[in-house]
Structure formats: structure tokens, C-alpha cells
Amino acid sequence: MYRCMSSISLNKQPSYHHSIQMAASSVHKKMDVQPLNTLRLMPTRHKMKNVILSIMNEPPGEIVLEFYKYRTKYGEERVEDVCRISNDGLRIVMYKPNRKKGTRIQDQPPDIPHDGADHIFSYESLPHEHWKKYLYAHRFVQMVRGKTPKITFYSELAKCQLMESLEDFEAVFYKCGIKVSKKSNAGDFQIQSDIAANDRGNVIQHAEQCYQHCIQIER
């Protein structure tokens with residue numbers, strides 16, 4: 001039914017960094033952003049320009065942002081500010097590791113100093129000047145949710161996965177490896193492989209049917 005053609009990427013995924021930067025630079029009001037939640041998300045760690053974002057294994061699901069700069073004095077990048085957000089998004093802890101000196105980047109975020117954090121806020125009490133950090137974390141969690149499978153369904157033609165975001169979806173057809181995806185930031189299904197024009201409608205139709213089936217399963 002579907003002819004196998006050479007695989008050519010038609011849609012490049014926006015990088016974490018670009019997407020998170022766009023979200024953080026947008027104008028948001030506090031009421032527009034619901035508390036983030038990392039339920040069922042696996043630990044992960046990504047280094048961006050000026051910030052490292054992590055979802056922790058312990059405490060489970062905690063989000064950590066490490067803001068770093070290159071310090072000529074030390075000849076290396078140093079973490080100077082840390083923001084920790086609980087897995088339900090309701091508790092925010094901020095501190096400067098090693099105070100103003102910062103600390104070198106390691107495999108794990110710097111611990112809270114022995115003499116305590118600089119600030120502890122609730123979601124409701126977080127001052128306006130710190131909301132950009134929360135937006136970084138919120139967008140990062142959304143990106144991870146969009147790449148974390150929640151439901152896997154094997155149809156007669158394709159392996160299909162609905163992601164934790166419930167908006168991101170992909171179907172990979174068994175015979176040819178044709179990949180069809182639906183992204184939360186783009187409503188339509190996109191074919192990410194070169195395919196004959198008369199096959200496109202059938203592929204999209206099957207992906208749409210599988211997506212709706214996965215949504216029904218989730219409900």
C-alpha cells in the first residue's frame with residue numbers, strides 16, 4: 001500500500017534552547033501559567049546557553065535550573081545561581097552556590113548551602129522578577145512531556161505513540177519506516193519522509209485514526 005522512498009527530513013525539530021528562549025522572552029502574566037508538573041517524567045539533564053536544566057531522580061521529579069557564566073578568573077564556566085522547583089511546581093528554592101564565587105559545572109546540580117537557601121517561595125508568592133526562571137522550567141517540562149510516550153499502540157500498519165503532553169504524537173510505519181508526527185505547536189500531521197504524492201493521503205488518514213484511538217484509550 002505504501003511505497004518505501006529514501007528518508008528525507010522535512011521538518012527539523014526546534015531545539016530545546018530555541019523553544020525555551022522563545023517562551024521565556026514572551027510576555028506572560030502569572031495567571032497564564034499553571035503550576036508545572038513532572039509526573040511520570042524520567043530524569044534528564046540538558047545544557048543550554050547560560051543554563052543547565054534537569055529533572056532529578058532524587059528528590060523525584062524536582063526541576064533544577066543552574067545558571068552559569070564563564071569566569072575569566074577561574075578559566076572555566078561557573079554555576080552562579082540555582083533554582084529548584086518541586087515536582088508539583090508549588091515550591092521554589094533559590095540560592096548561590098559557594099556564594100558569589102560560584103562553583104564549577106558537575107554531573108549533578110550544586111547542593112543547597114549548609115547555611116540554607118537565599119530564598120524559598122511558594123508558587124503564589126513568587127516575586128515577579130523571578131518568573132522568567134519559572135517560565136524556563138515550565139517550557140522545559142512541556143518539551144520533555146512532548147517527547148515522553150504515554151500510550152504505545154501497534155496498529156496493523158504502524159507503531160504509534162501518544163506523548164505525555166496528549167498533543168504530541170508520532171506513527172512509524174513498519175514496512176518503510178515512514179514517520180508521521182503531530183506536534184503541540186503545529187496542529188497538522190506532518191510526514192517526515194519522502195513519499196509518493198498518491199500515498200500521502202492514506203498515510204495521513206491512518207495516522208489520524210490511530211491518534212484518535214490513542215486519545216480514546218487515554219480517556
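Nothing here was measured: the structure is a model prediction, and the numbers come from that model. Throughout, residues of each chain are indexed from 1 in the direction in which the sequence is written. In keeping with the predicted nature of the model, local features appear solely for residues at pLDDT of at least 70, side-chain atom pairs appear and are counted solely at 80 or more, and the whole-chain, interface and lining totals rest on all residues. Heavy atoms throughout the structure, all of them, feed into the side-chain values; hydrogens and water do not.

A. Spotlight on the pattern of salt bridges. When a carboxyl oxygen of Asp or Glu lies within 4 Å of a side-chain nitrogen of Lys or Arg, that pair is called a salt bridge. Throughout the structure, instances matching the rule amount to 13 salt bridges. Here R40 and E164 are joined by a salt bridge, their closest N and O atoms 2.9 Å apart. Of this pair, R40 sits in the loop between α1 (16–25) and β1 (44–47) while E164 sits in the loop between β9 (158–163) and β10 (169–173); the two residues are 124 residues apart in sequence, bridging distant segments of the chain. Accessibility expressed as a relative area gives 45% for R40, which makes it partly exposed. Close ionic contact of E80 with R71 constitutes a salt bridge, the shortest N to O distance being 2.4 Å. Between buried and exposed lies partly exposed: a residue is buried under 20% and exposed over 50% of the maximum accessible area for its type, with that area taken using a 1.4 Å probe on protein chains only. A residue is classified by how much of its surface remains accessible, and R71, at 22% relative accessible area, is partly exposed. Strands here mean DSSP runs of E at least two residues long; helices mean DSSP runs of H or I at least four residues long; both are numbered from the N terminus.

B. Representation of the environment of K47 within the structure. Topologically, K47 is positioned in strand β1. A sequence separation of 18 residues divides K47 from L65, and the C-alpha atoms of the two residues are 9.8 Å apart. Only heavy atoms enter the contact rule, under which two residues are in contact if any of them lie within 4.5 Å. Ignoring any residue separated from it by four or fewer positions in sequence, one finds K47 in contact with I52, Y68, E77 and I105. Polar contacts, as used here, are pairs of N or O atoms within 3.5 Å; protein pairs need one atom able to donate a hydrogen and one able to accept it. Residues neighboring in sequence count only if both atoms are side-chain atoms. A polar side-chain atom of K47 sits 2.8 Å from a polar atom in the side chain of E77.

Such coordinate-based values are descriptive only and should not be taken to indicate function.
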